[in-house]
Each structure stands twice: as structure tokens, then as C-alpha cells.
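# Summary of structural features
Each chain, letter by letter, is given below.
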Amino acid sequence: TQLDREQRELARSAKGAGEALLAIINDILDFSKIQAKKLTLEESAFGLRTIVDAAIDIVAPAADRKGLRLVALVDHRLPEDVVGDPTRLRQVLVNLLNNAVKFTQSGEITVAAAPADDGSGLVRFAVTDTGIGIPAAVQRTLFRAFQQGDSSTTRKFGGTGLGLAICRELVGLMGGKIGV
């Protein structure tokens, strides 16, 4: 049967809570696998532009709800296909983009991919936004497990403080570095 307005709103709320809980569970499982050294990375060729676009597509609905502009820039000097773990790369990009959406009230978010400056053959990704910014004292703790800016950030924006720690570990396993 058709749901009335209140029932639709309750169903939407329950769905959102379920998705948030699933995200927390997945973060805890990933973090546990990483800590136990049981996470294995895939090595396959994949389209770099495809992964960047897929990450954008995942966060686009949340960005649209806030009126944010999403921009993807893939440097023309990068090859069409690269070798690595496309699932874990997308996971890192989605996490960074989700954080950008979470902490940006207006403006735009950009993800850019370009060859690393050091000639290593690695790809440098940068996610930038017009959000609230990150104080220098907080920047030092960003990639630590269970760390967030402060308790008011947790109350206002939610989260476990695991996302960036997982990103740090995944990027390290892929032979890269992450920073702010």
C-alpha cells in the first residue's frame, strides 16, 4: 500500500539510520582487518577516470542536497589505465569526499588526480573544498584512529573517527602517503 507522508518520513529516517550503522560496522571491520594484517589488496588494471567518476557519483546525492558543486579533474598526462586496487582506491576517495561534503556548507568540492611530482609513477590525488577548514592543532591528529577535531565536531557531524585512519592505512598499503 501507499505510505502516507509521516510513514515515508519514518521509513526514510530508518533507512538513513541503518545506512549509518552499516557504515560504522564496515569501518570497524576494515580497521580490524588492517590491524590484524589480514587485508589483502587487489592488483588489477582499471580506468583511473572511471574510479574518480564512481567516487563522485557516490557522494553526489549528499552534495546536491546541500547545493554543493562537485568537480573532478584528471590530468591528461595520466594513463587511461593504471594498476592497483580499484575498490580500495574508490573507498579512500569516497571517504575523503564524504568528509568534504560533511564539513562544507556552500561552494564546491574538487578531487584532482595528477602524476606525482617526484617521478615515482604514483598518482597524486587532492581533495579540496570550501568548507570550515581544519585548525593546525587538529591537523596533527587527523589520521589517528578514533580521533576527531573535538567533541563538538562529533556531536554536530557524527562519525567514529576511523575513516581517515583507514585511509592512511590503505594508502600506505598501496605504497603512498596521505596528508593534509
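Heads up: the structure comes first, above all this text.
Residues numbered from 1 in each chain as written. Predicted model: local features only at pLDDT ≥ 70, side-chain atom pairs only at ≥ 80, totals over all residues. Heavy atoms only, no water.

## With respect to helix H6 (residues 163–173)
Among the residues of H6, Gly163, Leu164, Ala165, Ile166, Cys167, Leu170 and Val171 are the ones counted as buried. At the C-terminal side of H6, glycine 175 shows a positive phi close to 85°. (Buried < 20%, exposed > 50% of the residue type's maximum accessible area, 1.4 Å probe, protein only. Helix = DSSP H or I, 4+ residues; strand = E, 2+ residues; numbered from the N terminus.)

## Some points on the pattern of salt bridges
Under the criterion given, the structure shown has four salt bridges. Between arginine 49 and aspartate 53 there is a salt bridge; the shortest N-O distance is 3.2 Å. Of the two residues, arginine 49 and aspartate 53 are both situated in helix H2 (residues 48–65); the distance of four residues between them amounts to about one turn of the helix. For arginine 49, a relative accessible area of 37% puts it in the partly exposed group. The partly exposed category is assigned to aspartate 53, whose relative accessible area is 29%. Here glutamate 169 and arginine 168 are joined by a salt bridge, their closest N and O atoms 2.6 Å apart. Using a relative accessible area of 23% as the deciding quantity, one classes glutamate 169 as partly exposed. Judged by relative accessible area, arginine 168 falls into the partly exposed class, the value being 32%. (Salt bridge = Lys/Arg side-chain N within 4 Å of Asp/Glu carboxyl O.)

## Structural notes on the environment of aspartate 118
Looking at where aspartate 118 falls in the secondary structure, it is placed in the loop between strand S4 (108–115) and strand S5 (123–129). When its relative accessible area of 60% is taken as the criterion, aspartate 118 is described as exposed. Looking at aspartate 118, its side chain comes within polar contact range of the side chain of serine 120, at 2.7 Å. (Polar contact = N/O pair within 3.5 Å; in protein donor to acceptor, adjacent residues only side chain to side chain.)

## Some points on the nonpolar core
One finds Leu93 and Leu97 to be the most contacted residues of the largest nonpolar core, which totals 20 residues. For this core, the secondary structure elements donating two or more residues are H2, helix H3 (86–102) and S4. Among the elements that make up this core, the one with the highest residue count is H2 (seven residues). What leucine 93 contacts, discounting residues up to four positions off in sequence, is Ile51, Val52, Ala55, Val111 and Phe125. Counting seven residues, the second largest nonpolar core, distinct from the first, contains Leu39, Leu162, Leu170 and Val171. (Core = buried A, V, L, I, M, F, W, Y, C linked by side-chain atoms within 4.5 Å. Contact = heavy atoms within 4.5 Å.)

Note that every value here comes from positions in space, so none of it alone points to a role or purpose.
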